[in-house]
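So you can see what is in the structure, the chains are spelled out below.
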Amino acid sequence: MQEFLSAGTAFPAVLFGAALVVVVFFWLLVLVGAADHHSFDGDLGTVPAGMGGVPVTVTVSVMVVVGWFTSLAGTVLLHRSGATGPIRAGLACAVLAGALLIAWVVMRVLVRLVRRRFPEVPPPSRQDFLGRVCTIRTGSVSSDFGQAEVAAADGSTAIVQVRLLAPAGAADDTGGTDGTRGTVRTSGGTVHASGGTVLTSGSAALLYAYDDEGEFFWVSPYDRALDPGPPRSG
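Here the residue numbering is sequential within each chain, running from 1 through the sequence in written order. At least 70 in pLDDT is required for a residue's local features to be given in this predicted model, at least 80 for side-chain atom pairs to be given and counted, and no such filter applies to totals for whole chains, interfaces and linings, which use all residues. Hydrogens and waters are ignored; side-chain quantities use all the structure's heavy atoms.

Time to look at the overall build of the protein. In DSSP terms, a helix is any run of H or I states spanning at least four residues, a strand is any run of E spanning at least two, and both are numbered starting from the N terminus. Within the protein, the regular secondary structure consists of 4 helices and 7 strands. Per-residue burial for the protein yields a buried fraction of 29% across its 234 residues. By definition, residues are in contact when any of their heavy atoms lie within 4.5 Å. Long-range contacts, defined here as pairs at least 24 residues apart, represent 53% of the contacts in the protein between residues at least 6 apart. As displayed, the protein has an accessible area near 14,800 Å², and 62% of this comes from carbon and sulfur atoms. With a 1.4 Å probe rolled over the protein chains alone, any residue whose accessible area is under 20% of its type maximum counts as buried; one over 50% counts as exposed, and the rest are partly exposed. In this description, accessible areas are obtained by the Shrake-Rupley approach with a 1.4 Å probe, and a residue is regarded as covered only by the protein chains that are shown.

Below you can see the structure in the form of structure tokens.
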């Protein structure tokens, strides 16, 4: 026991021992709710170091624990070797470098296992609703007003802002016509609205484009009776 205590307070194990105290204190704060294990994720880019996909605090904690155990074992062996002077100092530096290397390798292996077991899922986006059929929830939908309910892939529903293009060639406020009205330019080209179409509460509509600046979807009428549904086998 005395041998391990002596090794734990000697270089290089003492460096990892001090870091281990900080790690234990941090996780105690997380345990009582005074800190969050994602606290440092936004402050450190972890992908170049091979830590991507796992919280920084977890990867650093693993490296500290493995480094402390490796350096402690190496320091014990160093004490038993009886080396002194410059040779001992050189061996101690080698133990430090070896402990850091082993800790990094172990961390990389564990991170890969975690990423395989729990693949990173991209955060949900409003773009996921494109191409889905929604149900109008307001009395009407126009080019500047409207809401609809749409179901996500996981079955949850959301209320989104929707807009319906004015008919092409519709009269403007001055009594004239504007040849560009009734069109919206999307990544797939220019889409024209159906003339004279009205969407009311309960109507089905298709979300076909999203306006990032206005944060709303462009919709077009959709007839569920014309939907053939998924193809049947055989």
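More follows now that the structure is in view.
What follows deals with the sheet that holds strand E3 (residues 157–164). DSSP calls a pair of strands paired once it identifies at least 2 bridges connecting them. Spatially, E1-E2-E3-E7-E6 is the arrangement adopted by the 5 strands of the closed barrel, whose pairing is mixed. Taking each pair of neighbouring strands and ignoring which way they run, the sheet shows an average axis angle of 55°. For strand E6 (residues 204–211) and strand E7 (residues 216–221), the ladder comprises 6 bridges, and the chain directions are antiparallel. Bridge assignment links Asp211 to a residue of E7, and that residue is Phe216. Helix axes are fitted only over the stretch in contact, all axes being lines through C-alpha atoms; the angle between N-to-C directions runs from 0 to 180 degrees.

Moving on, we get to the pattern of salt bridges. Any carboxyl oxygen of Asp or Glu that lies within 4 Å of a side-chain nitrogen of Lys or Arg is treated as forming a salt bridge with it. Here the structure, examined in full by the defined rule, presents 2 salt bridges. Here Arg126 ties to Glu215 by a salt bridge, and the two come within 3.9 Å at their closest N and O atoms. Here the residue Arg126 occupies a position in the loop between helix H4 (85–117) and strand E1 (133–136), and Glu215 occupies one in the loop between E6 and E7, the gap between them amounting to 89 residues. With relative accessibility at 48%, the residue Glu215 sits in the partly exposed group. Glu149 is the salt-bridge partner of Arg137, the closest N and O atoms lying 2.7 Å from each other. One end of the pair, Arg137, is in the loop between E1 and strand E2 (147–151); the other, Glu149, is in strand E2, and 12 residues separate them in sequence.

Our next topic: a nonpolar patch on the surface. Residues with no salt bridge and a relative accessible area higher than 30% make up the patches, which join like charges within 9 Å and nonpolar side chains (Val, Leu, Ile, Met, Phe, Trp, Tyr) within 5 Å. A surface patch of nonpolar side chains, amounting to about 530 Å² of accessible area, comprises Leu101, Trp104, Val105, Val109, Leu110 and Leu113. As for its position among the elements, Val105 is in helix H4.

Turning our attention to the confidence of the model for the protein. Note that predicted coordinates carrying low pLDDT should not be read in detail. Known as pLDDT, the predictor's confidence for each residue is given on a scale from 0 to 100. For the protein, the mean per-residue pLDDT works out to 79, and 74% of the residues sit at or above 70. Across residues 171–181, where pLDDT falls below 50, the model places 15 contacts with residues more than four positions away in sequence or in other chains. Counting interchain partners and residues more than four positions distant, the pLDDT-below-50 stretch residues 186–194 has 16 contacts.

Following both chains from N to C, one finds helix H3 (residues 56–81) and H4 inclined at 145°, their axes separated by 8 Å at the closest point. You can see that H3 and H4 cross each other, and the crossing is right-handed. For the pair formed by H3 and H4, the contact residues are Thr59, Val62, Met63, Val66, Gly67, Thr70, Ser71, Gly74, Thr75, Leu78 and His79 on the first element and Arg88, Leu91, Ala92, Val95, Ala99, Ile102, Ala103, Trp104, Val106, Met107, Leu110 and Val111 on the second. Each residue receives one of three labels: charged for Asp, Glu, Lys and Arg, nonpolar for Ala, Val, Leu, Ile, Met, Phe, Trp, Tyr, Cys and Pro, and polar for the others, Gly being one of them. Of the residues assigned to the contact of H3 with H4, the class counts are 15 nonpolar, 7 polar and 1 charged. For any helix crossing, the convention is left-handed if the near helix is rotated counterclockwise from the far helix by under a right angle, and right-handed if that rotation is clockwise.

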